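What follows is the residue order along each chain.
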Amino acid sequence: MRRPVLSPFRLRSRRGYGTNAARSPIIRIDNGTFYRHHPNSTTATTGGNPPLFKNLRFELPSFSEKGEYWSILGPSSSGKTTFLQILNGNHLCIPPQARSFPYLESDEIEQKDHELRNPDRAIKRVGFDGEQGLGAQAPQSAYLSARYESRREDTDFSVLDYLQGNTELNPSQDIHGGRIDNGTLQRVIRDLRLGDLVDMPVSNLSNGQTRRARIARALLGNPEVLLLDEPFMGLDPPTLLSLSPMLKRLVEKNAPRLVLSLRPQDPIPEWITHLVYLKSSCQVAFQGRKEEVLSGLREYVESAKRGNVQPDWHMPLHSMHEVGRSLTSSGIVDYTPSAGFHPSTHPVVNSTKKEPDETKFSRDGYPMKDISTPDPGEPLVEMEGALVKYGSKAVLGNWSQRLPSSAQPQPGLWWTVRRGERWGIFGPNGSGKTTLLSLICSDHPQTYSLPIRLFGRSRLPSPGEPGISIFDLQSRIGHSSPEIHGHIPKSLTLRQVLENAWSDTFRGMPKLDEEAREKVDACLGWFEQDLHPRAGGKGSRNLKWADELLFGGLPFSAQRVALFLRAVIKAPDLVILDEAFSGMDDGVRDRCLLFLAHGETKSFSHPHSSSEIDKAPKVVESDVQKEGRVKVRGLGNEQALIVISHVKEEIPGSVREWVCLPEANTGRPARFGRLEGPVEGDYRRWSEIWGMREPA
């Protein structure tokens, strides 16, 4: 059977909004092929320059009769960001006339604002790839601790300044000509829940708050087209469900027109009408109306199961059943922005009810229900009433907590992490999750003054006991987070990033022995298909590519994999994974989760029968284990794990202990609990963590 390929959906132009001119597409690509460098350039011939989206056809209407709202889907490294960059006017188009912007050349744009004729001004892309931060208008802090310090620099602009564009040290008078209407400003601040943050320095924002601020800044620039690259990544459930309706209101008014990129496992907003589904290496697999694309995907999977088509393993067939989930039926809590987020009063929306099955295993090989409870070891982290305040404003621990050893509630955060424990930290954006980790990693200056002991010692010396040094701490903690991603030098090679686990600083000389070098080679070879798919295939002995690839030149997903490996490769006493798997598709994420649990001892066995081609792969003993060549093993009982994520599928199957922090300034205490198995084993476990009641 021939693979179904859908042609681009074309709409009839119409008259509207008081004009007699037919509305031309705002972006038109007609049989264009794109390159990063000119095919005849020296760079192309020496460094590789494959064609991007060969013979691409795509149109984004300026206006349409029934509404045409696009989303770009695809697995990691399939080219979603590249596709948006092409729509943004980047990359070389051959022939040049194949890409045009007809609506921007119309008289209507001239009457509106002649500057919008320039695609750079009319089309804005907001990405969250670890490179852009808050953009050039609001530079990030120079080092990890800066966001927590009381000293403010001249460049520490407030969120309100950032939204208004007032981030020049020596601005001319009324530099933006009053373009930002105050009513629009207040509406965007309200819709994106930034009201409590407007006076805060942008360098103090959490990861989710930073995303909301960047989207708000882009909206206030009044672009004709806004390209959002995975906008839901890293957002908490309340913000996720409030952002989607706001985007819907924008697209219905064509102010601006929106194009979203999503991973296959991400929920698709119900208002999306059209999809482009990408396969590997910048190729379009399906394109057209949402229903037609989803139908084409299902037909392709069924044809592969019957053996009528040769399966393309770059398209994750076993997970295609996840494609097409609606945002309103994704099992995330319902949320009303005006009411605030009160977990106990919000239901689970259309959750798929699953009872724990003792005969089945999680995606990373853990039984769905525990048989026994492990006995934890000595404390690694001890907090006895920690309270983080900036002046009169408390950001963590501003509550009273009930303790088994005390009859009366005690003020502050009381929390202990022991060897062998696997913790999940949850809570809305801005609830203090990253602040909590900064206390453990000693990036926060208040670590010195708070009742905190790390690995049995405080930061400051006491009579008869020296304090623990920052270098001793770093040598015993493996850490991956968006903050690490933003600060690690992009000029390091891929191998240097992994070797950096044995270094005191990002650019320090690593202290490597033969065992460490073998671990680096083992990790590079094990994840070769995810770090450098064109290197020759998994298991190749030639790892020269790892010495040539720069970290900054890797796809976002590969960067995340490299930072994950940097955190776990040395088997530190404490592994901290803060949104470490965001930006990965489900296949890459599951390989990382399996590696975290078992190292090289386990691998996935993909089904070979065509009738089972859409089923998830099984966890089996690896060839490396059978041959006795294992260099890197999974988490051991002597290690502890702390994970932060807002996505259930990114929670390792080993996580049992959890703490859910309250929304900032509510005064509610943190909630603690323990699971009886992996989060994915029972829908009620995820509901319990977020304090969500079951539907009636």
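- Going by what an unreviewed UniProt entry lists, the protein is known as P-loop containing nucleoside triphosphate hydrolase protein and is assigned to Hyaloscypha bicolor E.

### Brief notes about the overall build of the protein
- When you go through the protein residue by residue, the secondary structure sums to 20 helices and 25 strands.
- Across the 696 residues in the protein, those meeting the buried criterion constitute 56%.
- For the protein, the proportion of contacts with a sequence separation of at least 24, taken over those separated by at least 6, is 70%.

### What about the packing of aromatic side chains?
- What the rule picks out here adds up to twelve aromatic pairs.
- Taking the centre distance of 4.8 Å and the plane angle of 70 degrees together, the rings of Phe 58 and Trp 70 count as edge-to-face. Taken together, the residues Phe 58 in strand 2 (residues 52-61) and Trp 70 in strand 3 (residues 70-73) connect sequence positions twelve residues apart.
- Look at Trp 70 and you get buried, because its relative accessible area is 1%.
- Aromatic side chains Trp 415 and Trp 423 sit 5.4 Å apart centroid to centroid with 90 degrees between the ring planes, which places their arrangement in the edge-to-face category.
- Three or more aromatic residues joined by ring pairs form one cluster here, namely Phe 53, Phe 58, Trp 70 and Phe 83.
- It is Arg 257 that lies over the ring of Phe 63; its NZ or CZ is 4.9 Å from the centre.

### A closer look at helix 6 (residues 182-191)
- Looking at helix 6, one finds that the buried residues are Leu 185, Val 188, Ile 189 and Asp 191.
- Phi for Arg 193, located one or two positions after helix 6, is positive at around 55 degrees.

### Some words on the pairing of strand 20 (residues 574-578)
- The buried fraction of strand 20 is high, at five of five residues.
- Going residue by residue along strand 20, you find Leu 574, Ile 576 and Asp 578 tucked away on one face and Val 575 and Leu 577 tucked away on the opposite face as well.
- Pairing between strand 19 (residues 477-480) and strand 20: four bridges, direction parallel. Bridge assignment links His 479 to a residue of strand 20, and that residue is Ile 576.
- Direction of pairing for strand 20 relative to strand 23 (residues 640-644): parallel, over a ladder of five bridges. Counterpart to Ile 576 in the pairing with strand 23 is Ile 642.

The rules behind the values
- Residues numbered from 1 in each chain as written.
- Predicted model: local features only at pLDDT ≥ 70, side-chain atom pairs only at ≥ 80, totals over all residues.
- Heavy atoms only, no water.
- Helix = DSSP H or I, 4+ residues; strand = E, 2+ residues; numbered from the N terminus.
- Buried < 20%, exposed > 50% of the residue type's maximum accessible area, 1.4 Å probe, protein only.
- Contact = heavy atoms within 4.5 Å.
- Phe/Tyr/Trp six-rings, centres within 6.5 Å; stacked < 30°, edge-to-face > 60°.
- Lys NZ or Arg CZ within 6 Å of the ring centre and 35° of its normal.
- Pairing = 2+ DSSP bridges.

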